[in-house]
Amino acid sequence: MAKRNLTRRQKWRIEKIQEERSARANRRGERAEETLLGGDLGPEQEGLVIAHFGVQVDVEVLEGEDRGQVRRCHRRANLPALVTGDRVVWRADNQQSGVIVALQPRRTELYRPDHRGQLKPVAANVDRLVIVFAPLPQPHRNLIDRYLVAAEQAGLEPLLVLNKADLLAQPEHAQIRGWLDDYAALGYRTLCLSADSGNGLDQLREELRGHVNVFVGQSGVGKSSLINALLPDADLRVGALSEMTGKGTHTTTTARLFHFPAGGDLIDSPGIREFGLTHISHADLLEGFIEFRPFLGHCRFRDCQHVHEPGCALLDAVASGAISAGRMESYRHIRGSLTED
Ligand SMILES: Nc1nc2c(ncn2[C@@H]2O[C@H](COP(=O)(O)OP(=O)(O)OP(=O)(O)O)[C@@H](O)[C@H]2O)c(=O)[nH]1
Ligand SMILES: [Zn+2]
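What you see is a predicted model; the values in this text were computed from it and never measured. (Residues numbered from 1 in each chain as written. Chains lettered and ligands numbered in written order. Predicted model: local features only at pLDDT ≥ 70, side-chain atom pairs only at ≥ 80, totals over all residues.)

### Some remarks on the overall build of the protein chain
Along the protein chain, the regular secondary structure elements total 10 helices and 13 strands. The burial tally for the protein chain puts 31% of its 341 residues in the buried class. In the protein chain, 61% of the contacts between residues at least 6 apart in sequence involve partners at least 24 apart. (Helix = DSSP H or I, 4+ residues; strand = E, 2+ residues; numbered from the N terminus. Buried ≥ 20, exposed ≤ 12 C-beta atoms within 10 Å, placed from the backbone. Contact = placed C-beta atoms within 7 Å.)

### Side note on helix H5 (residues 223-230)
Every buried residue of H5 is listed here: Lys223, Leu226 and Leu230. For H5, the angular spread of buried residues about the axis comes to 70°, placing them on one side. Looking at the buried residues of H5, the elements they touch are strand S8 (128-133), helix H4 (201-208), strand S11 (212-216) and helix H7 (270-273). (Arc of directions from axis to C-beta.)

### Observations regarding the nonpolar core
Core analysis: the biggest nonpolar cluster contains 60 residues, and Ile100, Ala123, Ile131, Val161, Val214 and Ile267 have the highest contact counts within it. Ranked by residue count, the leading element in this core is helix H2 (residues 141-154), at six residues. Both domain 1 (44-103) and domain 2 (109-273) contribute no fewer than three residues apiece to this core. Each residue touching Ile131, except ones within four places of it in the same chain, is listed here: Ile144, Tyr147, Pro158, Leu159, Leu160, Val161, Val216 and Gly217. Ranked by size, the runner-up nonpolar core spans seven residues in total, among them Phe289, Phe292, Cys312 and Leu314. (Core = buried A, V, L, I, M, F, W, Y, C linked by C-beta atoms within 7 Å. Domains from an automatic or database assignment.)

### Notes on the site of ligand 1
Neighbouring residues of ligand 1: 15 residues in total, closest Ser219, Gly222, Lys223, Ser224 and Ser225. Along the lines of polarity and charge, the residues of the shell around ligand 1 split into three nonpolar, eight polar and four charged. (Near = placed C-beta within 6 Å. Nonpolar A, V, L, I, M, F, W, Y, C, P; charged D, E, K, R; others polar.)

### A short note on the sheet that holds strand S1 (residues 44-53)
Ordered by their spatial adjacency, five strands build a closed barrel running S1-S2-S3-S5-S4, and the pairing between neighbours is mixed. The mean angle between the axes of side-by-side strands here comes to 55°, regardless of whether they run parallel or antiparallel. Pairing of strand S2 (residues 56-61) with strand S3 (residues 70-75) involves five bridges; the strand directions are antiparallel. Note on S3: the bridge partner recorded for Gln56 is His74. (Pairing = 2+ DSSP bridges. Axes fitted to C-alpha atoms, helices over the stretch in contact; angles between N-to-C directions.)

### Concerning H2
At 3.6 residues per turn, the α-helix brings residues three or four places apart onto the same side. A rise of 1.5 Å per residue sets the reference length of H2, with its 14 residues, at 20 Å; its end C-alpha atoms lie 20 Å apart and thus fit the reference within 8%. Taken across its 14 residues, H2 has 10 buried, putting it largely inside the fold. Burial in H2 covers these residues: Asn142, Ile144, Asp145, Arg146, Tyr147, Leu148, Val149, Ala150, Ala151 and Glu152. The elements touched by buried residues of H2 are S8, strand S9 (157-162), S11, helix H8 (282-288) and helix H10 (325-337). Immediately beyond the C-terminal end of H2, within one or two residues, lies Gly155, with a positive phi of roughly 75°. (Expected span 1.5 Å × (residues − 1).)

### Remarks on the packing of H2 against H10
Look at H2 against H10: their axes get within 9 Å of each other, and the N-to-C directions meet at 80°. By the criterion of interaxial angle, the relationship of H2 to H10 is roughly perpendicular. Here H2 contributes Arg141, Asn142, Asp145 and Arg146 to the contact with H10, which in turn contributes Gly326, Arg327, Ser330, His333 and Ile334. Class assignment of the residues belonging to the contact of H2 with H10 gives a composition of one nonpolar, four polar and four charged. (Parallel < 35°, antiparallel > 145°, perpendicular 65-115°, else oblique.)

### Concerning the domain arrangement of the protein chain
If you check the domain split of the protein chain, you get domain 1 (44-103), domain 2 (109-273) and domain 3 (282-337). Here the C-alpha centre of domain 2 lies 26 Å away from the C-alpha centre of domain 1. Listed as interface residues are 10 residues of domain 1 and, on the opposing side, 16 residues of domain 2. A per-element tally of the side of domain 1 that touches domain 2 places S1 first, with four residues. In terms of residue class, the side of domain 1 that touches domain 2 is built from four nonpolar, three polar and three charged.

In C-alpha cells form, the structure reads like this:
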C-alpha cells in the first residue's frame, strides 16, 4: 500500500517537473515572440473578436477606459485560428495594437465548408438564428426546415421572422401566415413584421437584445432591409471596415460583429447568411425535426427509411396528426438531397 502510494507520488512529481519545464519553455517562447512584436505589453484583459483578416484580428476592448475601442491584434502561435465572436484574453502593446494570449471556451460554433470542402469554424458564440422568409420570393418549406435543423444541430435558438407582412393582405399570399402559426405551434419563437412599414420592428429589437444573432434566409426576403433598419448607422455597417483594413479586400467575405443600438449583437457576412445549407447527417436531420423526437427509435425495423415500411412510428404519427404532412414531406425532400448514404 505504502509502496504504491510512494510510486504514485513519485509519478506525480515527475509529471509536475515536466509540466514546469514545458511551462518555462513556453514562457521563453512567448518572451521571444513579445520582443519580436515590439516590447512591453500591458496586463492581460478580456476582448471580443469583431472581425478577422488572416493572421490578424480586430479585438474590441471590453474593460477599462478604452472600452469599446478596437485594436488590431496578432495571436500567439500556440493558439488555434480565431473567428468572429471569439472571447479572448489579450495584452496591449504601446502602438495601438496587441497580442492575443488565450482563447476563452466557445459556447457555440458555426461551420462552413472551405474551398476544399473541409468544414471550418466561421463564427463563435452565436446563440440565435434569425430565419427570415416572406410571401415573395415564394418561400420553400424545406429551406426553412433546413435552417431549423441546422439551428438544432449547432445549439442555436431559432427565431422565425415572416417579413413583408404588408403583402399578406393579398389573397394569393394569405396562406403563408399559416406557416408561421404552424411553427409557433411546434414551440418555435415567431414574428410577423414588415421592414418597409416598420410594423413589428420593436418586437424584433426586443427579441435580438441579449443575444448574438445571425440572419439567414433566401435572397430577396429582406435581410438587408431589416439589418439596415436595425443598424441605422451606415458607417458602422460598411465604411468603417474598409477604412480600417486600408484596402478592403476582405470586406465582403469576412464575418463582422456589430452591436445593435437597442442591445444584442449581429454577426454578418455573405458566407454566414448561407449557414446551414450543407452538411447534415441523417441522424441530425431526424433529430432536427423536433416533433419527430418522441417517435424516433420506435419503428418496427431498425433501419426503417420512414417511407412505406409497415410499423413505421413516423408514418403512424403522420396518420394520427401528431406530425404534419407538410413537415414529413419537407423531411423527405431534404433527406433526398443529402449526399451521405
Ligand atoms: N413589400 C415589402 N417589400 C420589402 C419589405 N422588406 C424588404 N422589401 C423589399 O424586398 C427586396 C429585397 O430586400 P433585401 O433587403 O435586399 O433582401 P435580402 O434578403 O437582403 O436579399 P440578399 O441581399 O439577396 O440576400 C427589396 O426590394 C426590398 O425593398 C417589406 O416589408 N415589404
Ligand atoms: Zn420509420
